[in-house]
Amino acid sequence: MNQYYVYILKCSDNSYYTGVTNHLNLRFQQHQQGSEPSSYTFQRRPVELVFHTEFNEIEQAIAFEKQVKGWSRKKKEAIINDQWEKLPDLSKRKKDSSAGSE
């Protein structure tokens, strides 16, 4: 059975990078060593692996990676800190203050 991983790296500039791989340790080493000069992380090393989760299906992993890439920093930090329960509140949009007033 194959395993796929969605991971988040914290870069030296304090930004986050989200990726997907089927070999987590190798991919982390590639980021850390700077084996791809065109990679987002190349100029932002060293990097730190701050989150990863496993999937059995590549389609699920890719879908979750895309979802996380669209998230705010606060939502990413919630899952990094294993605070999944905060996601619904962080997903709520602030109500327009003019809505409902006539």
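Residues numbered from 1 in each chain as written. Predicted model: local features only at pLDDT ≥ 70, side-chain atom pairs only at ≥ 80, totals over all residues. Heavy atoms only, no water.

### A short note on the pairing of strand β1 (residues 4–10)
The buried fraction of β1 is high, at six of seven residues. Pairing of β1 with strand β3 (residues 48–55) involves seven bridges; the strand directions are antiparallel. Among the inter-strand pairings, Leu 9 is bridged to a residue of β3, identified as Leu 49. Connecting β1 to the next strand, strand β2 (residues 16–21), in antiparallel fashion are five residues, including Asn 14 with a positive phi near 75°. (Buried < 20%, exposed > 50% of the residue type's maximum accessible area, 1.4 Å probe, protein only. Helix = DSSP H or I, 4+ residues; strand = E, 2+ residues; numbered from the N terminus. Pairing = 2+ DSSP bridges.)

### A short note on the sheet that holds β1
Read across the open sheet, the three strands follow the order β2-β1-β3; overall the sheet is antiparallel. Each of the sheet's edge strands pairs with one partner strand only, and the pair in question is β2 and β3. When strand polarity is set aside, the average angle formed by the axes of neighbouring strands in this sheet is 20°. Bridge count for β1 against β2 is six bridges, and the pairing is antiparallel. Bridge pairing in β2 places Tyr 5 opposite Thr 21. Of the strands in this sheet, β1, β2 and β3 touch helix α1 (residues 24–33), which is tilted by about 30° from β1. Packed on one face of the sheet, helix α3 (residues 73–80) meets β1, β2 and β3 and runs near 60° to β2. (Axes fitted to C-alpha atoms, helices over the stretch in contact; angles between N-to-C directions. Contact = heavy atoms within 4.5 Å.)

### So, the packing of aromatic side chains
Under the counting rule described, the total for this entry stands at six aromatic pairs. Between the aromatic rings of Phe 55 and Phe 64, the centroid separation amounts to 5.6 Å while the plane-to-plane angle is 45°, which identifies the pairing as tilted. Neither residue differs from the other here; Phe 55 and Phe 64 are each classed as buried. Arranged with centres 6.0 Å apart and planes meeting at 90°, the rings of Phe 64 and Trp 71 form a pair that is edge-to-face. According to the relative accessible area criterion, Phe 64 is buried, its value standing at 11%. The buried category is assigned to Trp 71, whose relative accessible area is 13%. In this structure, Arg 44 packs its charged tip against the face of Tyr 40, placed 3.8 Å from the ring centre. (Phe/Tyr/Trp six-rings, centres within 6.5 Å; stacked < 30°, edge-to-face > 60°. Lys NZ or Arg CZ within 6 Å of the ring centre and 35° of its normal.)

### A few points about the nonpolar core
With 14 residues, the main nonpolar core has Ile 8, Phe 51, Phe 64, Val 68, Trp 71 and Ile 79 as its most contacted residues. Put simply, the parts of the chain that give this core at least two residues each are β1, β3, α2 (58–69) and α3. Apart from the residues within four sequence positions on either side, Phe 51 is in contact with Val 6, Tyr 7, Ile 8, Phe 64, Ile 79, Ile 80 and Trp 84. Grouped together as the second largest cluster of nonpolar side chains are seven residues, Tyr 5, Tyr 7, Leu 9 and Cys 11 included. (Core = buried A, V, L, I, M, F, W, Y, C linked by side-chain atoms within 4.5 Å.)

### Remarks on unusual backbone geometry
In this model, Arg 45 is joined to Pro 46 through a cis peptide bond whose omega is 5°. The backbone of Asn 14 shows a phi angle near 75°, a positive value even though the residue is not glycine. A positive phi angle, close to 55°, is found at Asp 82, a residue other than glycine. Within the secondary structure layout, Asp 82 lies in the loop between α3 and α4 (87–91).

These values are about where atoms sit, not about what they do.
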